[in-house]
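Spelled out from the first residue to the last, the chains are:
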Amino acid sequence: MKKNSLQARIFRFGAIFVSLVAIVIGISFYFIISHAIERQIGERALSIAITTSERQDIIAGFQAENPTDVLQPIATSIQESTGAEYVVIGNKEGIRYAHPVRERIGQKMVGDDNEQALIYGKSYISEATGTLGTALRGKAPVFDDKGEVIGVISVGFLKDNIAMIFMQYVDNIAYIVVIAIFIGIVGSSILARNIKKELFNLEPSEIASLFTERNALIESVREGIIMVDANGVITMVNLAAHEILSLPEQTELVGRNIWEVIPNTNLPQVMESGEDQLDRPMEIRGKKAIVNRIPIRVGDKIVGAVSSFRLQSDIDRLAEELSQVKRYTEALRAQTHEYNNFLYTISGLIQLNSYEEALSLIHVETAEHQSLIQFMTKHLQDPFLGGIVIGFLNRAKELKVRFVLDEDSYLEKLPKHLQKHLFVSIIGNLVTNGFEAVEGLLEDERIVRVFILDNGEEILIEVEDSGNGIKEEVLNDIWKEGVSTKEDGNRGYGLVKVQENVNDLGGSIAIERGDLGGALFIVSIPKGGYLHDKPN
């Protein structure tokens, strides 16, 4: 069953809520008015009773030989002039002297509510059921000249008639409630439409989905991201930012001012100027970083800013990887260059009619090439690794380096579940390091040896050079970023990348001094991969 849209739900809930509120207010208003009218009528009855009890003709009537003849006309006149349902006059014993129904004159008053007036001489309002029905009564005692109670005046308004007065107000209250409900429905419609517009016409499920996707996207970015509002208070930060800031993941940054976290930030300046700041160098907690800052706009108003940043070392590492790709390209270029030189030489010999020399050169080169191909076919059958090794053989020729592929090397094919590009990166970085380690030696002393072996359980890779080896003072830190035995700048990323690739393959790497006098790198990669699945 399809859910109602957000706009329909807001409209329905708003209309129902306003209707309920209007009905409750209407009912409450009715009861307030009814109570007020009832109190007013009671006070009116009491006022008439008190006024009547104080009249001299009423007091004199009690002294007459036949009080009824004197008091009945007065009571009738008062009843007609005041609109009361009845005006009853009784003596000290509660016997009626005056009553709207003449047949009941001389009988005892009904209701049992005369005690306060006749005994204690008090005036009050009471509600009791008499011969005419339930009524709201005003009771007042009648005093003689000596101040003694000689009778009681009872002025009543029937409850049924009071209820009819109440009903006269019901229609007006109902009209007001209906108008309030109509206004509430119209207001709910406008509110629902405006809220939907403010939410870009998105449904709650769509908003939740976008929020989840947004969080996943932000957390998947390796760059640190921090967002602040117009007051510089952090509203969003991802895990990468915690790592770059060297803060534990559980450290709560949202709600804190950006100045507390990054004192030298320029985000407030970006909000003031409204201009983007892209690829700006900055030092964050002692680390060099490249920062982008962009203001957040809602219409023409700047409501915050967002900053993304990444460590300079990460960018340098990417540059190193690109440099490695360039080295592979150079190896292929060297191979092409070598063959071009060979072809030029043959072409020159043919033009000089030195056919025997040309044939001899071809045979020698063919024999050497065939020997290499045969060796590669038997010992290193994986074309992916074979190609890079041949490329480095030609690069070694160009650099005047003796490149030795150990004759005990043997590998048929890399397992499909192992990523081949990681092997290429490992061998490429180690061989390139070897070339650089021997470049300062005499030509006949430049040696780099490579050994690749599949022993059934693991793949072993050894790369050895005849250089000066690893200095003792950096041996323990050689795998750290920025540490290198070379003196020129922008170094110390190749071995870090090698170790990362080895770890990704579930292997291990060790370094020691080799038989050639230089560094010997030993890499072991298990063919079975990780014992458990590695998380992505």
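In this report, we go over the structure that sits alongside the text. Just so we're clear, the structure is a prediction, and the values are computed from it rather than from any experiment.

A short note on helix α3 (residues 67-82)
Part 1 of the argument: End to end, α3 covers 22 Å across 16 residues, agreeing with the expected 22 Å (1.5 Å per residue, within 8%).
Part 2 of the argument: Within the span of α3, buried status applies to Pro-67, Thr-68, Leu-71, Gln-72, Ile-74, Ala-75, Ile-78, Gln-79 and Thr-82.
Part 3 of the argument: Looking one or two residues beyond α3, the residue adopting positive phi is Gly-83, at roughly 80 degrees.

Let's talk about the nonpolar core
It is characteristic of soluble globular proteins that their nonpolar side chains tend to be buried jointly.
Part 1 of the argument: With 43 residues, the main nonpolar core has Phe-403 and Phe-423 as its most contacted residues.
Part 2 of the argument: Elements that contribute at least two residues to this core include exactly α12 (383-399), β11 (402-405), α13 (420-438), β12 (447-454), β13 (458-465), α15 (494-504), β14 (508-513) and β15 (519-526).
Part 3 of the argument: When residues no more than four places from it in sequence are discounted, the contact partners of Phe-403 are Val-389, Phe-392, Leu-393, Ala-396, Val-431, Phe-435, Val-448 and Val-450.
Part 4 of the argument: If you look at the next biggest cluster of nonpolar residues, it comprises 30 residues, including Ala-75, Ala-84, Tyr-97 and Val-177.

As for the pairing of strand β7 (residues 234-237)
Part 1 of the argument: Where strand β6 (residues 224-229) and β7 come together, three bridges link them in antiparallel fashion. From the neighbouring strand, Ile-226 faces β7, where its bridge partner is Val-237.
Part 2 of the argument: Counted between consecutive antiparallel strands, the loop separating β6 from β7 contains four residues, among which Gly-232 sits at a positive phi close to 80 degrees.

Concerning the packing of helix α2 (residues 56-63) against α3
Part 1 of the argument: The contact between α2 and α3 brings their axes to 7 Å, and the two run at 155 degrees. Our classification of the angle between α2 and α3 gives roughly antiparallel. Crossing handedness for the pair α2 and α3: left-handed. Contacts between α2 and α3 involve Asp-57, Ile-58, Gly-61 and Phe-62 on the former and, on the latter, Pro-67, Val-70, Leu-71 and Ile-74.
Part 2 of the argument: Of the residues in the contact of α2 with α3, the class split is six nonpolar, one polar and one charged.

Let's talk about the packing of α12 against α13
Part 1 of the argument: Contact pair α12 / α13: the axes reach a minimum separation of 10 Å and the direction vectors enclose 15 degrees. One finds that α12 runs roughly parallel with respect to α13. Crossing angle aside, the handedness with which α12 passes α13 is right-handed. Across the interface between the two elements, Phe-384, Leu-385, Ile-388, Phe-392, Arg-395, Ala-396 and Leu-399 of α12 pack against Lys-420, His-421, Phe-423, Val-424, Ile-427, Gly-428, Val-431, Thr-432 and Phe-435 of α13.
Part 2 of the argument: A per-class count over the contact of α12 with α13 returns 11 nonpolar, three polar and two charged.

Re unusual backbone geometry
Part 1 of the argument: With a phi angle near 55 degrees, Asp-279 is a residue other than glycine that sits in the positive phi range.
Part 2 of the argument: Following the sequence through the fold, Asp-279 ends up in strand β8 (residues 277-284).
Part 3 of the argument: Even without glycine at this site, Lys-400 takes up a positive phi of about 60 degrees.
Part 4 of the argument: With respect to the element layout, Lys-400 can be found in the loop between α12 and β11.

Digging into the pairing of strand β9 (residues 287-298)
Part 1 of the argument: In this sheet, β9 lies alongside β8 in antiparallel orientation, the contact comprising six bridges. Each bridged residue has a counterpart across the sheet, and for Gln-277 the counterpart in β9 is Arg-293.
Part 2 of the argument: Relative to strand β10 (residues 301-311), β9 is paired through 10 bridges, and the arrangement is antiparallel. If you follow Ala-289 over to β10, its bridge partner there is Leu-311.
Part 3 of the argument: Counted between consecutive antiparallel strands, the loop separating β9 from β10 contains two residues, among which Gly-299 sits at a positive phi close to 70 degrees.

Calculation notes
- Residues numbered from 1 in each chain as written.
- Predicted model: local features only at pLDDT ≥ 70, side-chain atom pairs only at ≥ 80, totals over all residues.
- Heavy atoms only, no water.
- Helix = DSSP H or I, 4+ residues; strand = E, 2+ residues; numbered from the N terminus.
- Expected span 1.5 Å × (residues − 1).
- Buried < 20%, exposed > 50% of the residue type's maximum accessible area, 1.4 Å probe, protein only.
- Core = buried A, V, L, I, M, F, W, Y, C linked by side-chain atoms within 4.5 Å.
- Contact = heavy atoms within 4.5 Å.
- Pairing = 2+ DSSP bridges.
- Axes fitted to C-alpha atoms, helices over the stretch in contact; angles between N-to-C directions.
- Parallel < 35°, antiparallel > 145°, perpendicular 65-115°, else oblique.
- Left-handed = near helix turned anticlockwise from the far one by under 90°.
- Nonpolar A, V, L, I, M, F, W, Y, C, P; charged D, E, K, R; others polar.

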